[in-house]
Amino acid sequence: MLKHRGFPGRMPGTDFQFTIRRANVKEGATKLIRRERFKDRKKLDRAADAAFMAALWQYFGEEPFQRGNLDAGRLSWLFGREVVPAEDPFDPCSYEALLRIDVKRAEASFPEVFAPDAPAASDNWDDEDEQA
């Protein structure tokens, strides 16, 4: 499993996890699914989605990226909309699966992340949250 060095481990000040520490060798990678985001979701949940998208955008940009140690639960909130498969066939149960950001959909969903005056996501990351 590829570890994305320098990617934040979680949203600062919360328990919203962005990465995992080690691969699940017994059962394999958790399957990526498309989770529905209902309008009545908590403000903190929506903020976690935006923070994760900001981290993805800053770390990967428009380039395809390997799932690696990115948390399946957090990815699933964006999967199928702002984050889409970058390969065909796509294996949703693989740590090596390639993904990419659908920039148009991501900009529509998270305009604050893509605004010209948006602060860099790393300004909010704590060094202690980085995964080794």
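Residues numbered from 1 in each chain as written. Predicted model: local features only at pLDDT ≥ 70, side-chain atom pairs only at ≥ 80, totals over all residues. Heavy atoms only, no water.

(A) Region of the structure containing the environment of Arg34. The topology assignment puts Arg34 in the segment before helix 1 (43–60). Given the relative accessible area of 44%, Arg34 is considered partly exposed. Taking C-alpha positions, Arg34 is 5.7 Å from Gly80, a pair spaced 46 residues apart along the chain. Beyond its immediate stretch of four places on either side in the chain, Arg34 contacts Ser76, Phe79, Gly80 and Arg81. Among the polar contacts made by the side chain of Arg34, one reaches the main-chain carbonyl oxygen of Gly80 at a distance of 3.4 Å. (Helix = DSSP H or I, 4+ residues; strand = E, 2+ residues; numbered from the N terminus. Buried < 20%, exposed > 50% of the residue type's maximum accessible area, 1.4 Å probe, protein only. Contact = heavy atoms within 4.5 Å. Polar contact = N/O pair within 3.5 Å; in protein donor to acceptor, adjacent residues only side chain to side chain.)

(B) Here's a closer look at the layout of surface pockets. The computed volume of the second largest pocket comes to approximately 160 Å³. Every residue lining the second largest pocket is listed: Arg37, Phe38, Lys39, Arg41, Arg46, Asp49, Ser109, Phe110 and Glu112. Broken down by class, the residue content of the lining of the second largest pocket amounts to two nonpolar, one polar and six charged. (1 Å grid on protein atoms, 1.4 Å probe; cavity = no way out; pocket = protein on both sides within 12 Å on 5 of 7 lines; lining within 4 Å. Points joined across faces, edges and corners; volume = space filled by probe spheres on them. Nonpolar A, V, L, I, M, F, W, Y, C, P; charged D, E, K, R; others polar.)

(C) Broad picture of the packing of aromatic side chains. The full count for this structure, using the stated rule, is eight aromatic pairs. Each ring, one from Phe79 and one from Phe90, has its centre 5.6 Å from the other, and the planes form 25°; the classification is stacked. Of this pair, Phe79 sits in the loop between helix 2 (72–76) and strand 2 (83–85) while Phe90 sits in the loop between strand 2 and strand 3 (98–101), and the two are 11 residues apart along the sequence. Ring pairing ties together the aromatic residues Phe7, Phe18, Phe52, Tyr59, Phe60 and Phe65, which thus form one cluster. Note that Arg41 overlies the ring of Trp77, its terminal NZ or CZ placed 4.1 Å from the centroid. (Phe/Tyr/Trp six-rings, centres within 6.5 Å; stacked < 30°, edge-to-face > 60°. Lys NZ or Arg CZ within 6 Å of the ring centre and 35° of its normal.)

(D) Inspection of a negative patch on the surface at higher detail. On the surface, Glu87, Asp88, Asp91 and Glu96 cluster together to form a negatively charged patch. For Glu87, the location among the structural elements is in the loop between strand 2 and strand 3. (Patch = residues over 30% accessible without salt bridge, like charges linked within 9 Å, V, L, I, M, F, W, Y side chains within 5 Å. Areas by Shrake-Rupley, 256 points an atom, 1.4 Å probe, with all protein chains shown as cover. Salt bridge = Lys/Arg side-chain N within 4 Å of Asp/Glu carboxyl O. Lys, Arg positive; Asp, Glu negative; His and termini not counted. Charge placed at Lys NZ, Arg CZ, Asp CG, Glu CD.)

(E) Region of interest: the nonpolar core. Counting residues in hydrophobic clusters, the biggest one holds 29 residues, and the most contacted among them are Phe7, Met53, Leu56, Phe65, Val83 and Leu99. Counting residues per element, the ones that place at least two in this core are helix 1, helix 2, strand 3, helix 3 (103–109) and helix 4 (111–114). If one sorts the elements of this core by residue count, helix 1 sits on top with eight residues. (Core = buried A, V, L, I, M, F, W, Y, C linked by side-chain atoms within 4.5 Å.)

(F) Representation of the pattern of salt bridges. For the structure shown, the criterion picks out six salt bridges. The salt bridge involving Arg37 is made with Glu82; its shortest N-O contact spans 2.8 Å. You can see Arg37 sitting in the segment before helix 1 and its partner Glu82 sitting in the loop between helix 2 and strand 2, a full 45 residues away along the chain. Within the structure, one salt-bridge network assembled from shared partners comprises Arg37, Arg81 and Glu82.

(G) Here's a closer look at a positive patch on the surface. A contiguous patch of positive charge, built from Lys3, Arg5, Arg21 and Arg22, is present on the exposed surface. Judged by relative accessible area, Lys3 falls into the partly exposed class, the value being 31%.

(H) Summary view of helix 1. With 18 residues, helix 1 extends 26 Å from end C-alpha to end C-alpha; this agrees with the ideal 26 Å at 1.5 Å per step. Within the sequence span of helix 1, burial applies to Ala48, Asp49, Ala50, Phe52, Met53, Ala54, Ala55, Leu56 and Phe60. (Expected span 1.5 Å × (residues − 1).)

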